[in-house]
Amino acid sequence: MASLNLLVVGSGGREHALAWKLSQSPLVKKLFIAPGNGGTELGPKATNVAISASDFPKLVEFAISNDINLVIPGPEQPLVDGIESHFRKVGIPVFGPSALAARMEGSKGFSKDFMRRHDIPTAEYRIFTAAEVEEAREYIRNVDHKVVLKADGLAAGKGVLIPSNVEEAIEGLDSILVQRVFGDAGSEIVIEEFLEGPELSVLAFSDGYTIVPLPAAQDHKRIGEGDTGLNTGGMGAYAPAPVATPAIDEEILKKSLQPTIDGMRREGFPFVGLLFTGFILTKNGPKVLEYNVRFGDPETEALMLLLEESTDLAAVMLACAEHRLDSVDIKVRKGSAVSVVLASAGYPSSYEKGKTISVGEVPSGVQVFHAGTAKNASGEVVTAGGRVIVVSSFAPTLEDALKAAYQGVDAVNFEGKIFRRDIAHRALAAKSSQPAGLTYAQAGVSVDAGNSLVENIKPLVRSTRRPGADGEIGGFGGVFDIKAAGFRDPVLVSGTDGVGTKLRVAIESGIHHTVGIDLVAMSVNDLLVQGAEPLYFLDYYGCSKLDVPVATKVVEGVVTGCKQANCALAGGETAEMPGMYHPGDYDLAGFAVGAVERELLLPQPNIKEGDVLLGLSSSGLHSNGFSLVRRIIENAGLKYSSPAPWASNITIGESLLEPTRIYVSALLPAIRQGLLKGMSHITGGGFTENIPRVLPRGLGCYVDVNTWSHPPVFQWLMREGGVAPQEMARTFNNGIGMVLIVDEQKLQEALQVIQATGEQDVKVIGKVTSKEGVELRGLDSWAPSQ
């Protein structure tokens with residue numbers, strides 16, 4: 001049953017298209033448009049209201065007296081000016097962001113800084129004030145790329161200049177900052193890198209948590225055909241844009257849209273409404289051009305026709321306002337939609353108004369939306385703006401949609417009508433051109449990116465040279481001269497490992513330089529427990545699309561780990577595999593080889609009851625148990641950017657990504673002197689699974705957990721996750737990353753040798769017993785106090 005009374009604020013083609021779709025909702029009883037235009041009164045449901053979009057008190061008064069259930073602001077200015085708070089104060093929900101969230105469109109500098117904070121791909125930029133005009137001129141002269149000049153504030157869509165050379169750029173800079181041609185909007189200027197590639201408009205619904213994009217559109221900003229002449233508010237659009245492949249759509253959602261919504265919520269200004277993001281498809285992937293916090297025009301006129309009849313726009317908007325967008329379906333028709341703008345002669349400069357408009361019969365599938373229209377004293381619909389009418393159409397193919405739209409254009413007449421006849425020319429040109437032979441790059445694999453990575457890391461790899469390895473990469477395999485390493489009768493030991501779901505934390509935190517250390521640590525520590533000195537290491541890096549800076553950071557970590565272990569990075573493999581991983585994700589694996597003199601191979605066969613267990617501290621969680629950790633943090637409603645509850649001045653992500661300790665330098669001297677009988681690297685399985693791996697059949701041990709302090713991170717995980725002490729002991733290292741087995745008679749000598757390396761935090765934590773298994777003493781002390 002119809003029960004909703006809606007108020008649409010605005011007077012353009014966008015508002016007419018929204019009103020047209022909203023009027024189809026069975027939930028809508030009455031629909032008011034303030035102030036509306038000559039075409040927005042749509043039958044019995046829709047009525048214009050003569051209240052300005054900027055008169056918030058009168059709009060609120062009207063909404064209260066007419067039992068309005070939802071307000072839908074169309075233009076950006078009311079949103080930036082805080083219309084949402086006026087209605088929120090009287091308990092009426094708004095499909096649109098708060099003034100704080102609307103800064104994403106209201107201030108280009110604010111939005112660029114936001115993107116930088118959240119690692120959202122965008123152009124390089126600098127922000128300058130009027131007092132910094134000379135510094136800005138110098139920046140333009142010295143920067144090594146073309147620039148775009150953007151007035152920081154709202155300038156009615158005209159605050160962007162694209163100079164063709166340095167002289168034009170400086171002239172444009174002066175016009176914005178000194179001459180103030182855009183008024184207060186130009187009190188600051190954003191100078192950003194000019195991005196090259198196709199442009200996309202992505203409009204997406206959001207409730208502050210979920211974001212659901214509509215098919216990507218392409219609009220036509222220039223007044224003249226062939227994209228010539230002055231910039232306008234838009235002369236036409238079409239959707240879906242063929243250049244927006246499923247892979248591009250997924251990358252946009254994962255790297256830009258969802259991080260934007262998550263970042264706004266974390267920073268305290270969640271976005272509710274329609275986020276309209278402009279992208280440039282650069283050779284390095286989609287980059288954000290700008291944010292708009294409302295429906296685009298003329299994109300909306302096309303996209304409304306793409307929505308399935310079963311998609312109830314009123315229900316979708318209300319779900320967004322009530323933070324339950326995941327409870328409604330947004331379905332899109334298969335086919336194409338096109339919008340063609342009919343403008344007044346002289347637009348976008350000066351133009352006359354008051355020209356009578358006539359609309360004849362239009363083909364099926366065509367809608368005529370009014371933009372700059374009004375009714376004169378005689379009741380005739382006349383021109384009242386630069387962009388007058390938007391003719392939109394839907395058809396199964398782009399060609400059919402264009403044909404129908406231009407037939408509709410012919411049916412609309414007014415004196416001085418101008419329009420572009422080449423809407424969707426980019427898509428048509430791409431479709432008609434003969435496909436060239438495919439390249440490996442077109443399949444998603446960049447050999448150039450791989451070569452760039454190799455050049456980046458060669459100096460890093462050379463820094464891991466050691467006797468037996470030359471530290472060079474680029475050949476077919478790594479070579480190691482074991483004789484040059486000084487071994488007499490060596491036994492080779494090998495190990496391989498990964499980092500597990502700790503990688504998820506690194507990827508979502510944007511911190512990539514530590515997981516390479518983890519990768520080395522997990523392998524070389526496993527060599528060490530067999531008495532082996534690590535000799536060389538090889539890594540594997542797999543991804544869907546190689547991000548050279550990220551991969552370089554990872555390898556920097558691998559190199560740091562190799563230096564700590566005194567092993568050479570002898571080679572590796574970088575695999576770029578489109579479709580095998582989600583965009584932005586990567587996977588790591590490591591392989592290490594070490595050697596030990598035959599008589600020192602561990603564990604020794606003479607481990608016996610009464611031997612002492614020593615514990616060396618861990619640096620944190622190391623690299624195990626992260627699936628449980630991530631679940632606990634998610635259930636606690638925290639993010640990796642949140643302050644760590646267990647530590648000060650550090651985020652959760654930074655704390656969790658503290659790299660795994662590498663124990664090579666601390667323990668090799670004791671191994672070489674034959675002071676250790678066995679060692680256990682405490683990884684997945686904790687104490688209960690790892691220590692028995694080095695004990696002879698028939699023997700076990702006890703571990704007294706009161707002999708060291710339980711680190712705060714483990715206490716918090718245990719308390720917040722309700723994890724039982726026994727489960728903690730078989731999942732995490734709990735502060736002890738390596739366990740040594742020492743003959744009681746050699747205990748002091750072993751402690752002296754280990755401590756001489758600088759390893760002071762060595763604890764006696766237990767003994768070998770005659771009962772198999774691991775007895776954990778003092779676990780009650782871990783239980784959280786009631």
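Provided above is the structure to which this section pertains.
> Quick question: what am I supposed to make of the overall build of the protein chain here?
Along the protein chain, the regular secondary structure elements total 24 helices and 33 strands. Viewed in the frame of its principal axes, the protein chain has a C-alpha envelope of about 110 × 60 × 55 Å. The buried share among the 786 residues of the protein chain stands at 55%. For the protein chain, contacts bridging at least 24 residues in sequence account for 75% of all contacts bridging at least 6.

> What am I meant to see in the pairing of strand 17 (residues 336-343) here?
Along any regular strand the residues' side chains alternate between the sheet's two faces. Of all eight residues making up strand 17, eight are buried, and the element is well covered by its neighbours. Alternating residues of strand 17 divide into Ser 336, Val 338, Val 340 and Leu 342 and Ala 337, Ser 339, Val 341 and Ala 343, and every residue in both groups is buried. In this sheet, strand 17 lies alongside strand 14 (residues 236-239) in antiparallel orientation, the contact comprising four bridges. Residue pairing across strands places Tyr 238 opposite Val 338, the latter belonging to strand 17. Looking at chain direction, strand 17 and strand 22 (residues 387-395) are connected through eight bridges and run antiparallel. From the neighbouring strand, Ala 343 faces strand 22, where its bridge partner is Arg 387.

> Looking at this model, I keep getting lost on the side chain of Asn 37. Mind explaining?
Examined against the element boundaries, Asn 37 turns out to sit in the loop between strand 2 (28-35) and strand 3 (46-48). On the basis of relative accessible area, Asn 37 is assigned to the buried category, the value being 5%. Polar contacts involving the side chain of Asn 37 include one to the main-chain carbonyl oxygen of Ser 11, which spans 3.0 Å. Only 3.4 Å separates the side chain of Asn 37 from the backbone oxygen of Ala 371, close enough to count as a polar contact. Those residues within four positions of Asn 37 in sequence are excluded, and the remaining contacts are Ser 11, Gly 12, His 16, Asn 48, His 370, Ala 371 and Thr 373.

> Explanation requested: the packing of aromatic side chains in the structure shown.
Pairs of aromatic rings are described using the distance from one ring centre to the other and the angle between the two planes. For the structure shown, the criterion picks out 15 aromatic pairs. Ring centres 5.1 Å apart and planes at 15° place the aromatic pair Tyr 541 and Tyr 586 in the stacked group. One end of the pair, Tyr 541, is in strand 25 (residues 533-543); the other, Tyr 586, is in strand 27 (residues 586-597), and 45 residues separate them in sequence. Accessibility expressed as a relative area gives 6% for Tyr 541, which makes it buried. Residues Trp 646 and Trp 716 carry aromatic rings whose centres are separated by 5.2 Å and whose planes lie at 50° to one another, so their mutual orientation is tilted. Placement of the pair is Trp 646 in the loop between helix 18 (626-635) and helix 19 (652-656) and Trp 716 in helix 22 (residues 712-721), with a sequence separation of 70 residues. Taken individually, Trp 646 and Trp 716 each receive the classification buried, so the pair is uniform in this respect. Stacked on the ring of Phe 269, the Lys or Arg Arg 103 has its end atom at 5.0 Å from the ring centre.

> What should I look at first to understand the nonpolar core in this one?
Most often, soluble globular proteins have nonpolar side chains that are buried together. By size, the foremost hydrophobic cluster in this structure holds 107 residues, and its most contacted members are Tyr 586, Leu 656, Leu 667, Met 679, Ile 691 and Leu 740. For this core, the leading source of residues is helix 17 (residues 548-565), giving nine residues. Excluding anything up to four places from it in sequence, Leu 656 contacts Lys 502, Val 505, Leu 621, Phe 626, Val 629, Ile 633, Tyr 640 and Trp 646.

> How should the pattern of salt bridges be read in this particular structure?
A side chain with one charge can pair with a side chain of the opposite charge if their charged atoms come near. The tally for this structure, following the rule as stated, stands at 39 salt bridges. Salt-bridge contacts for Lys 355 lead to Glu 352; the nearest nitrogen and oxygen are separated by 2.8 Å. Measuring nitrogen to oxygen at the nearest pair gives 3.0 Å for the salt bridge that ties Arg 504 to Glu 508. Residue Arg 504 and its partner Glu 508 are located together in helix 15 (residues 502-509), separated by four residues, close to a single helical turn. For Arg 504, a relative accessible area of 18% corresponds to the buried category. The partly exposed category is assigned to Glu 508, whose relative accessible area is 47%.

> I tried to follow helix 14 (residues 447-462) on my own but got confused; where do I start?
With 16 residues, helix 14 ought to run about 22 Å at 1.5 Å a step, and its terminal C-alpha atoms sit 22 Å apart, in line with that. Bending of helix 14 peaks at approximately 35° at the position of Asn 456, with proline Pro 459 no more than four residues after it. Residues of helix 14 that are buried: Ala 449, Leu 453, Ile 457 and Val 461. Residues of helix 14 that are buried sit in contact with helix 17 and strand 26 (568-576).

Reading guide: rules and limits
- Residues numbered from 1 in each chain as written.
- Predicted model: local features only at pLDDT ≥ 70, side-chain atom pairs only at ≥ 80, totals over all residues.
- Heavy atoms only, no water.
- Helix = DSSP H or I, 4+ residues; strand = E, 2+ residues; numbered from the N terminus.
- Buried < 20%, exposed > 50% of the residue type's maximum accessible area, 1.4 Å probe, protein only.
- Contact = heavy atoms within 4.5 Å.
- Pairing = 2+ DSSP bridges.
- Polar contact = N/O pair within 3.5 Å; in protein donor to acceptor, adjacent residues only side chain to side chain.
- Phe/Tyr/Trp six-rings, centres within 6.5 Å; stacked < 30°, edge-to-face > 60°.
- Lys NZ or Arg CZ within 6 Å of the ring centre and 35° of its normal.
- Core = buried A, V, L, I, M, F, W, Y, C linked by side-chain atoms within 4.5 Å.
- Salt bridge = Lys/Arg side-chain N within 4 Å of Asp/Glu carboxyl O.
- Expected span 1.5 Å × (residues − 1).
- Bend = angle between axes of the 7 residues up to and from the residue.

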